Amino acid sequence: MTLDLSALWDSVEAGFSLSGPRRVVRDLLGVELATALEELGLLIPGGTAERYPCPSPGGEGCPRVVTKTTDQGFVALCGMTPPECGDMVLTPEDVRIVGLEPEALIEATGRALQIRTRVEVLPHLRCACRVGTFIPEPGLRHAVYLLARTSERDYAEAVDVLRVQSAGQTHAILVPTDRFVSDDLRRQTSAAGIPLVFLSETLALERQQGFLPLRDPLSVFANVGHLVTLDEVPVDVVAEAYVKPRGQGGSWQKLDEAAYTRLLGTLDSYDVFADERARSVRRDDASGRNQTKGITPSYFKQIRSVIETRGCYDPVLADDASPSSKQILQRARQTFDIACGKSWSIFKTRMVENHAVYEFNPDPSVSFAFVFLPKT
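A few points on the structure. (Residues numbered from 1 in each chain as written. Predicted model: local features only at pLDDT ≥ 70, side-chain atom pairs only at ≥ 80, totals over all residues. Heavy atoms only, no water.)

### Some thoughts on the nonpolar core
Convention followed: Among buried residues, the Ala, Val, Leu, Ile, Met, Phe, Trp, Tyr and Cys ones that are joined through side-chain atoms within 4.5 Å form a nonpolar core. Three exposure classes are used, based on accessible area relative to the maximum for each residue type with a 1.4 Å probe and protein chains only: buried under 20%, partly exposed in between, and exposed over 50%. In DSSP terms, a helix is any run of H or I states spanning at least four residues, a strand is any run of E spanning at least two, and both are numbered starting from the N terminus. By definition in these notes, contact holds between two residues if any of their heavy atoms fall within 4.5 Å.
One finds Leu-29, Leu-105, Leu-174, Phe-211 and Phe-221 to be the most contacted residues of the largest nonpolar core, which totals 40 residues. It is helix H5 (residues 102–112) that provides the largest number of residues to this core, a total of five residues. Residues in contact with Phe-211, not counting those within four places in the same chain, are Leu-5, Leu-8, Leu-42, Leu-105, Ala-108, Thr-109, Ala-112, Ala-204 and Leu-205. Of all hydrophobic cores here, the second largest spans 25 residues; its members include Val-272, Tyr-299, Tyr-313 and Phe-360.

### Observations concerning the sheet that holds strand S20 (residues 288–293)
What counts here: We treat two strands as partners when DSSP finds at least two bridges between them. Lines fitted to the C-alpha atoms define the axes, with helices restricted to the stretch that makes contact. Angles between their N-to-C directions range from 0 to 180 degrees.
With mixed pairing, six strands are arranged side by side in an open sheet as S17-S16-S26-S18-S19-S20. The sheet is open, and its two edges are formed by strand S17 (251–255) and S20, each paired on a single side. When the angles between neighbouring strand axes are averaged without regard to direction, this sheet yields 15 degrees.

### Quick word on the sheet that holds strand S21 (residues 312–313)
The three strands lie next to each other as S21-S25-S24, forming an open sheet whose pairing is antiparallel. The open sheet is flanked by S21 and strand S24 (347–352), the only strands paired with a single partner. In this structure, S21 lies alongside strand S25 (residues 355–360), joined through two bridges in antiparallel fashion. Within the sheet, the bridge partner assigned to Cys-312 lies in S25 and is Glu-359. Seen against the sheet, helix H11 (residues 297–308) touches S21, S24 and S25 and runs at an angle of roughly 75 degrees to S25.

### Some thoughts on helix H3 (residues 31–39)
For H3, every residue scored as buried is listed here: Leu-33, Ala-34, Thr-35, Ala-36 and Leu-37. As for H3, its buried residues are in contact with strand S1 (2–3), helix H1 (6–13), helix H2 (22–29), strand S3 (43–48) and strand S14 (203–206). Of the residues trailing H3, Gly-41 is marked for its positive phi of about 80 degrees.

See the structure below:
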């Protein structure tokens, strides 16, 4: 049976932070995965926990204090006065500390990907190491590194450092997940012949066999050292978005599936978030947070036309005009925009030759993300 490794790679990405009372680690990973990792020597035992996580942490007496009882058991007591949470009866195994052994995990990962492992910590780069060397054929050698970061900027900076330190040697970089890797970094590394190998998509764990590759390692590292131009790097675009953070200018972005998912994760940071894929618009305005679903595609088409027009957009005279264009645009603005006094925050009305036209001229204080389907 294949086990889900997402919690493991999340821990690696956060700096190999998986450590704590055995019962807590098992709750986090699931009993089968935690047991498999212990059997592989990747989760190793330590001493006895002195503290135990609290369900509602707070105050100087938190978390709960682990105390040994007379019957060789343990109890986790709330340290607050009066107590704010109940006692927990625990076994010696529950409170035994277990922690992820980074070097053992890196070696197991390297073996599964047919890397000649020789783990070397990089002293001037945190949470980074050289895993070893991949040798696809005699005389051809590629260095393989592992990086763990929790922001796009940190990944970009670390990749640049590795590129300099490798002194022109061909290499690939193992990364726990793709959550914090930007599309730009993917394209730049691909163009430079430096594959980013996402372990969450590359390895599985079988209880009886340990780590197994989901792809042939030869295909995983096939593009090492193959230089191309940025224009030659394929991008599987699933959406095109115009994004404007608060107080900043806006810009168009081409999104692959991972970038689209990351943008969805920032939804709450925008006053307006419109998504043609989901056919929905969510707005924060004076009346609170409102969401409209099932929006007709013609609304998105009209809004995109206004954004892409230099100067003012006339829905009657535009190339994509229809008899109902003006009415559709007026309804679309009521859905996509936020009223600001007697005006609108994003799409402004202008009078030209005694009739109304529309200008895409967002207020600096408004933030929004408009996600459209790619043009065919």
